[in-house]
Amino acid sequence: MRFVLCVVIAALLPASALAAKGPMSLSSAQAAAARGDQQAAAALSTMTNRDACMSGCASRGHPKDQCVSACRPGLCHPGGEQPYCVSK
C-alpha cells in the first residue's frame, strides 16, 4: 500500500510543480528556457523596467508592498498572463 502511495505521489509531483510556476530569478529563467521552457523563454523576451512594472502592478490593484516584491530587478514572472522579466 505504501509503495502504491509513493508511486502516485511521484507521478503527481512533476505535474503540480509545472502547473504552479511562480516568480523566478533571471538566471533560473535562462536555465529553464535553455531546457525548452516556452513560458520562461517568453518572459526573457519581454523585459520591462522597474518603474513600468510598478505602474502596471499598481494599476492592477495590487498593494504597494506586493508590487515592490514582484518588481525587483532580475526577477521573472513566466507564469503570468503575459510572461515578463524586470530589468534594472
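Residues numbered from 1 in each chain as written. Predicted model: local features only at pLDDT ≥ 70, side-chain atom pairs only at ≥ 80, totals over all residues. Heavy atoms only, no water.

Peer 1: Just checking my understanding: could you explain the state of the cysteines for this structure?
Peer 2: Here a disulfide denotes one covalent bond, and it connects the sulfur atoms of two cysteines. Evaluated as defined, the whole model comprises 3 disulfides. Between Cys 57 and Cys 67 runs a disulfide, and the two sulfur atoms are separated by 2.0 Å. Because the torsion about its S-S bond is -90°, the bridge between Cys 57 and Cys 67 counts as left-handed. Taken as a pair, Cys 57 in helix H4 (residues 50–59) and Cys 67 in helix H5 (residues 64–70) lie far apart in primary sequence, 10 residues in all. On the basis of relative accessible area, Cys 57 is assigned to the buried category, the value being 5%. (Disulfide = S-S within 2.5 Å. Helix = DSSP H or I, 4+ residues; strand = E, 2+ residues; numbered from the N terminus. Buried < 20%, exposed > 50% of the residue type's maximum accessible area, 1.4 Å probe, protein only.)

Peer 1: Would you take a moment to explain the layout of surface pockets for this structure?
Peer 2: Looking at the largest pocket, its volume works out to about 400 Å³. In terms of lining residues, the largest pocket is bounded by 18 residues, among which Arg 60, His 62, His 77, Gly 80 and Tyr 84 are the most central. The leading source of residues in the lining of the largest pocket is H4, at 4 residues. Grouping the amino acids of the lining of the largest pocket by side-chain chemistry returns 6 nonpolar, 9 polar and 3 charged. (1 Å grid on protein atoms, 1.4 Å probe; cavity = no way out; pocket = protein on both sides within 12 Å on 5 of 7 lines; lining within 4 Å. Points joined across faces, edges and corners; volume = space filled by probe spheres on them. Nonpolar A, V, L, I, M, F, W, Y, C, P; charged D, E, K, R; others polar.)

Peer 1: Would you explain the nonpolar core in this entry?
Peer 2: The tendency in soluble globular proteins is for nonpolar side chains to be buried as a group. Cys 53, Met 54, Cys 57, Cys 67, Cys 71, Tyr 84 and Val 86 together form the largest nonpolar core, which totals 7 residues. Mapped onto this core, the elements with two or more residues apiece are H4 and strand S4 (84–86). By residue number, the principal contributor to this core is H4, which donates 3 residues. In contact with Val 86, not counting residues within four places along its chain, are Met 47, Thr 48, Asn 49, Arg 50, Cys 53, Ala 70, Cys 71, Arg 72, Pro 73, Gly 74 and Leu 75. In terms of nonpolar packing, the next biggest core, distinct from the first, is built from 5 residues, Met 24, Ala 29, Ala 43 and Cys 85 among them. (Core = buried A, V, L, I, M, F, W, Y, C linked by side-chain atoms within 4.5 Å. Contact = heavy atoms within 4.5 Å.)

Peer 1: Explain the confidence of the model for the protein chain here, please?
Peer 2: Parts of the model with low pLDDT should not have their predicted coordinates read in detail. Chain-level pLDDT for the protein chain is 81 on average; 77% of the residues reach the 70-or-more range. Counting contacts from residues 1–20, a segment whose pLDDT is below 50, to residues more than four positions away or on other chains yields 0 contacts. (pLDDT = per-residue confidence, 0-100.)

Peer 1: Please clarify how the environment of Ala 43 should be interpreted in this entry.
Peer 2: Examined against the element boundaries, Ala 43 turns out to sit in helix H3 (residues 38–45). Its relative accessible area of 0% is what places Ala 43 among the buried residues. Expressed as a C-alpha distance, the spacing of Ala 43 and His 77, which sit 34 residues apart in the sequence, is 6.5 Å. With sequence-adjacent residues up to four places away left out, Ala 43 is seen in contact with His 77, Pro 78, Pro 83, Tyr 84 and Cys 85.

Peer 1: It is not clear to me how the packing of helix H2 (residues 26–34) against H3 should be interpreted in this structure. Could you clarify?
Peer 2: The description of two packed helices rests on the angle between their axes and on the distance between the axes. Packing of H2 against H3 brings their axes to within 7 Å, and their N-to-C directions diverge by 130°. The orientation of H2 relative to H3 falls into the category oblique. H2 and H3 meet at a crossing whose hand is left-handed. Each of Leu 26, Ala 29, Gln 30, Ala 32 and Ala 33 in H2 lies in contact with H3, whose residues at this interface are Ala 40, Ala 41 and Leu 44. Looking at the contact of H2 with H3 residue by residue, the class counts come to 7 nonpolar, 1 polar and no charged. (Axes fitted to C-alpha atoms, helices over the stretch in contact; angles between N-to-C directions. Parallel < 35°, antiparallel > 145°, perpendicular 65-115°, else oblique. Left-handed = near helix turned anticlockwise from the far one by under 90°.)

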